[in-house]
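Examination of the molecular architecture
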Amino acid sequence: MTPQLGKRVVLVETVVRALYPVMLLGAAWLWYRGHNAPGGGFVGALMAVSGTAAYALVFGVGAARSRIPLGPLGMSALGLALAAGSGLPALLSGSPFLTHPWAKLSLGLTTIPVSSVMVFDLGVMLCVWGALAGFCLRLLEDDE
C-alpha cells in the first residue's frame, strides 16, 4: 500500500521500484566520475538520498530503511571511517595526511586511474547518504 496516498497507485509503485536501482547506479557513476572531475561523493549521495526518499514515499519508511545497508547511522559511521582512513596511506609513506597516491588498474582492454581519493569520496557518499536518508526517513515517520 502507498502510505502517503492512502491507497495503492500501481503505476507509481512500478516506476519507483524500477527507478530505485537506476538511481543508485547513477549515484555510483557520479561517485566514480567525481574523483577526477566535479561530482563525487556528495553529489552521488544526493542522488542516492533522492532514491531513498522516493522509495519511502511510495512503500513506507520501514521498506526504505531496510534498503539502506547498515541503516542510516551505520552507513554514516562507515563513511566517516572510510573518509578518515583514506589519509592513512599517505602518513604511512611519510607524506602529509590526505595526500592521495594514484595508480593505473588494467582491465584487459582498458586501464582506469585509481586513487585513495576514491575511498575518500566513497566515505563522503556513504556518510552523506546515511545522514540525509536518516533525516528524511525521520521526517516521513512523523507523517505516517
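Residues numbered from 1 in each chain as written. Predicted model: local features only at pLDDT ≥ 70, side-chain atom pairs only at ≥ 80, totals over all residues. Heavy atoms only, no water.

**Quick word on unusual backbone geometry**
Leaving glycine aside, a negative phi is the common case for residues, and trans is the common case for peptide bonds. Look at leucine 70: it is not a glycine, yet its phi comes out positive at around 70 degrees. Tracing the chain through its elements places leucine 70 in the loop between α3 (61–66) and α4 (71–85). Positioned with a positive phi, leucine 98 is a non-glycine residue whose angle comes to about 70 degrees. Relative to the helices and strands, leucine 98 is located in the loop between α5 (88–92) and β1 (102–106). Leucine 98 gets classed as partly exposed once you look at its relative accessible area, which sits at 34%. (Helix = DSSP H or I, 4+ residues; strand = E, 2+ residues; numbered from the N terminus. Buried < 20%, exposed > 50% of the residue type's maximum accessible area, 1.4 Å probe, protein only.)

**Structural notes on the state of the cysteines**
Applying the stated criterion to the full structure yields zero disulfides. With no disulfide of its own, cysteine 127 has cysteine 136 as its nearest cysteine by sulfur position, at a separation of 15 Å. On the basis of relative accessible area, cysteine 127 is assigned to the partly exposed category, the value being 24%. Look at cysteine 136 and you get partly exposed, because its relative accessible area is 24%. (Disulfide = S-S within 2.5 Å.)

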